[in-house]
Amino acid sequence: RDLTDERFQATMAAVRKHFEHEDFEKALPLCMKASEVRPDCAVVRRCRVFALLSLSRWADALKTCDKLACGEESFAFERAYCFYRLNQFPEALKALGSSNDNEEGGRKDRLEAQIKYRMGDYAACAQMYERLYNDDPEDTGLLVNALASRISGDQPHKAIAAMAGKEEIFEASYELCFNLACAYIDEGRLEDAEAKLQDAKKICVAELLEGEEDEEEGDRRTEAELENHEELAAIQVQTATVLQRLGGEEALKKAGSLYNAVLKPRSSKEGEIDVTVKAVACNNLVALRPEGKSLFDSLKRLDIASKDSLEHKLTRKQAMEIAINKCLALLQARKLDAAKTELQKLTADFKGHPRVAVVQAAVAFKEKKAKGAEDVLQAYLTEHPGSEEALICLAQLHAQQNRYKDAAEALDQLPRASRANPRTAEVVVAFHQRQKNPDKAVTCLRDAISYWSGKDGGEEDEDMLAQVLRIASRLAIQLKDKAFAAEAFQLYLERVDGSDVEALCGLVQALASVDPQRATEYAQRLQVPDYAHLDPEELENGTIPKYAHMVKRGADGDAQKDQQAKKKKKRKPKHPKNYDPANPGPAPDPERWLPKRERTEFKKKMRKKDKNLARGPQGSMVVDEKALRKTGPSTAQVELSSDAASRPKGTKTKKGKK
């Protein structure tokens with residue numbers, strides 16, 4: 001017995017040593033050996049399960065937990081974690097529910113929150129992480145996960161509100177700056193997002209440089225070499241997303257180069273980039289390309305981004321965007337059958353989403369079934385009235401069919417905030433003008449002006465009001481509605497920019513025919529140049545200067561120098577290869593570029609059948625002597641003899657009387 005105990009202690013000492021060196025492959029057989037010696041030892045059972053979990057052998061670990069579970073040692077948390085890693089989330093929650101709260105502590109809540117995140121219950125996940133962070137404010141990782149949950153659940157405003165007043169903890173983790181930048185992107189605050197991404201990059205590079213100090217001197221990497229580090233890939237992809245949304249030729253070109261840098265093959269020395277980051281980069285790069293360009297490569301990239309292995313790693317929003325883009329790319333490639341197959345999967349996974357209805361309408365329209373596309377959108381709006389994406393798509397469909405009245409009615413069903421958007425209001429005004437109904441166009445703009453005037457927001461609301469007022473002033477000038485033009489210009493000066501000279505001139509011009517007294521008052525605010533120093537009589541009697549062909553001549557002859565500079569420089573003639581200008585040889589034929597039949601020296605060869613053509617005046621014909629003469633005996637005597645033989649003898653021919 002003493003010998004057995006000594007062997008057991010020696011085995012467990014070896015297991016402890018391998019655990020310290022993280023050599024779990026060698027530790028596992030030793031755990032099995034110790035378990036055979038003392039199968040009832042709780043420490044041995046836990047070591048065995050721990051070794052399997054560290055080796056990522058989830059199925060084997062789950063079987064071992066089920067086999068070794070007995071009494072108080074139920075391995076409930078370990079079983080739940082195995083189910084979670086095997087993507088069996090309902091079973092994981094069920095197993096986690098049977099665990100002992102006092103025993104497991106905070107790790108149970110963290111695992112439950114992560115399971116709910118993978119199941120798409122982002123609101124519950126965010127609440128759990130926020131509660132855990134309130135209990136442990138020093139753990140910034142909990143706040144990072146809470147922000148990620150809010151953003152994935154389409155609640156970026158709550159993520160931004162959660163970070164209000166916590167600027168001092170941004171330097172603790174670059175993930176905080178990164179997640180806040182993602183929230184800004186969803187809110188449309190692209191400049192703020194770009195600034196936060198730059199901060200995240202600086203913090204991440206600083207952390208990587210600190211890690212490089214622990215490496216040997218020859219293996220240390222510089223800041224420039226860390227530019228392509230796998231930890232920076234997600235920041236680069238989001239930076240490219242911001243540039244892509246900002247638009248512009250240079251921004252789009254830079255965004256494409258960032259995507260390609262992330263997706264290019266990496267050497268064995270470089271670390272692998274996370275597959276979800278690559279999937280998002282592939283999807284965004286496809287969306288960046290113009291319609292119908294590089295479709296084969298786009299479909300190849302979308303196939304990579306929509307692999308089954310990524311099903312539980314992508315968020316619900318990311319998976320839907322990739323699936324929609326794949327379906328649209330198949331439509332552009334005219335692969336309708338494949339597009340319909342993807343649409344069926346899309347409908348099953350994201351039933352009830354407005355973008356799914358839009359894709360269904362796009363498939364029907366591609367099949368030249370405009371009525372079917374309209375029916376799909378109308379059916380969705382019946383179940384989900386007021387859906388902005390469906391209404392905008394329906395309005396576009398009506399506009400393509402020149403049904404501007406129906407298109408305007410569809411946009412009128414949008415919420416007031418969307419109708420008051422300057423772009424939407426401008427489109428509605430254009431539809432009403434196509435119908436020659438200016439009153440409705442003015443009513444639409446008045447509603448938008450009223451909406452933004454009642455807002456007491458910041459610079460964004462003021463910018464929206466300014467854009468709507470510019471549209472209103474252009475329409476009023478076009479319609480020659482002086483009262484509406486005066487109202488728009490006056491409101492612009494009062495609420496937006498009181499020093500705008502163009503708006504002030506427009507207001508004076510509009511009030512001149514409506515309210516001359518007020519026009520005079522506003523005209524006094526104009527800064528007119530002073531002409532008091534000019535003599536009117538001298539200007540009237542003076543000659544009109546001629547500015548055409550006048551050249552300013554200076555004392556130094558600047559005009560002559562300018563004229564000489566303008567003269568074209570004589571360029572040396574370019575000669576062919578191996579050409580000697582001193583001995584050029586015979587001159588090339590000037591007609592060498594013309595076809596042979598158009599050259600002066602060309603003489604057409606006559607074919608045999610054309611030998612007797614056209615040797616006289618027009619219409620003449622060459623006749624051979626034998627051409628009109630029949631060969632053989634003459635038929636004249638034959639006919640005469642036959643007539644004589646046919647007459648009866650003794651008869652005479654009678655001459656008729658004249």
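### Section: a nonpolar patch on the surface
Here comes step 1: Taken together, the side chains of Y531, L534 and L539 define a hydrophobic patch exposed on the protein surface, amounting to about 330 Å² of accessible area.
Here comes step 2: Positionally, Y531 belongs in the loop between α30 (516-523) and α31 (536-541).
Here comes step 3: Residue Y531 is classed as exposed on the basis of its relative accessible area of 53%.

### Thoughts on the packing of helix α22 (residues 388-400) against helix α23 (residues 404-412)
Here comes step 1: Axis separation between α22 and α23 bottoms out at 8 Å; the angle between their running directions is 170°. With respect to α23, the element α22 is oriented roughly antiparallel. Between α22 and α23, the residues in contact are L391, I392, L394, A395, H398 and A399 and Y404, D406, A407, A410 and L411, respectively.
Here comes step 2: In terms of residue class, the contact of α22 with α23 is built from 9 nonpolar, 1 polar and 1 charged.

### Quick look at the environment of N179
Here comes step 1: One can find N179 in helix α12 (residues 174-187).
Here comes step 2: In the structure, N179 is positioned 29 residues away from R150 in sequence and 9.8 Å away in space, judged by C-alpha atoms.
Here comes step 3: Not counting chain neighbours up to four residues away, the residues in contact with N179 comprise V144, L147, A148 and I151.
Here comes step 4: Within the structure, N179 has its side chain in polar contact with the backbone oxygen of V144 (distance 3.0 Å).

### A word on the nonpolar core
Here comes step 1: In terms of nonpolar packing, the biggest core is built from 58 residues, with F431, L445, I449, W452, L469, F484 and L507 touching the most fellow members.
Here comes step 2: With residues near it in sequence (within four places) discarded, L507 still touches A486, F489, Q490, L493 and Y522.
Here comes step 3: With 41 residues, the next largest nonpolar core counts L143, I151, F178 and A200 among its residues.

### Some points on the packing of aromatic side chains
Here comes step 1: Following the criterion strictly, the structure yields 9 aromatic pairs and no others.
Here comes step 2: Where F19 meets F24, the ring centres are 5.8 Å apart and the plane angle is 45°; that geometry is what we call tilted. Exposure class is identical for F19 and F24. Each is buried.
Here comes step 3: With a centroid separation of 5.2 Å and 75° between ring planes, the pair formed by Y117 and Y122 is classed as edge-to-face. Assigned by exposure class, Y117 and Y122 land together as buried.
Here comes step 4: Taken together through their ring pairs, the aromatic side chains of W58, Y81, Y84 and F89 make up a single cluster.
Here comes step 5: One Lys or Arg, R107, reaches over the ring of F77 and ends 4.0 Å from the middle of that ring.

How each quantity is defined
- Residues numbered from 1 in each chain as written.
- Predicted model: local features only at pLDDT ≥ 70, side-chain atom pairs only at ≥ 80, totals over all residues.
- Heavy atoms only, no water.
- Patch = residues over 30% accessible without salt bridge, like charges linked within 9 Å, V, L, I, M, F, W, Y side chains within 5 Å.
- Areas by Shrake-Rupley, 256 points an atom, 1.4 Å probe, with all protein chains shown as cover.
- Salt bridge = Lys/Arg side-chain N within 4 Å of Asp/Glu carboxyl O.
- Helix = DSSP H or I, 4+ residues; strand = E, 2+ residues; numbered from the N terminus.
- Buried < 20%, exposed > 50% of the residue type's maximum accessible area, 1.4 Å probe, protein only.
- Axes fitted to C-alpha atoms, helices over the stretch in contact; angles between N-to-C directions.
- Parallel < 35°, antiparallel > 145°, perpendicular 65-115°, else oblique.
- Contact = heavy atoms within 4.5 Å.
- Nonpolar A, V, L, I, M, F, W, Y, C, P; charged D, E, K, R; others polar.
- Polar contact = N/O pair within 3.5 Å; in protein donor to acceptor, adjacent residues only side chain to side chain.
- Core = buried A, V, L, I, M, F, W, Y, C linked by side-chain atoms within 4.5 Å.
- Phe/Tyr/Trp six-rings, centres within 6.5 Å; stacked < 30°, edge-to-face > 60°.
- Lys NZ or Arg CZ within 6 Å of the ring centre and 35° of its normal.

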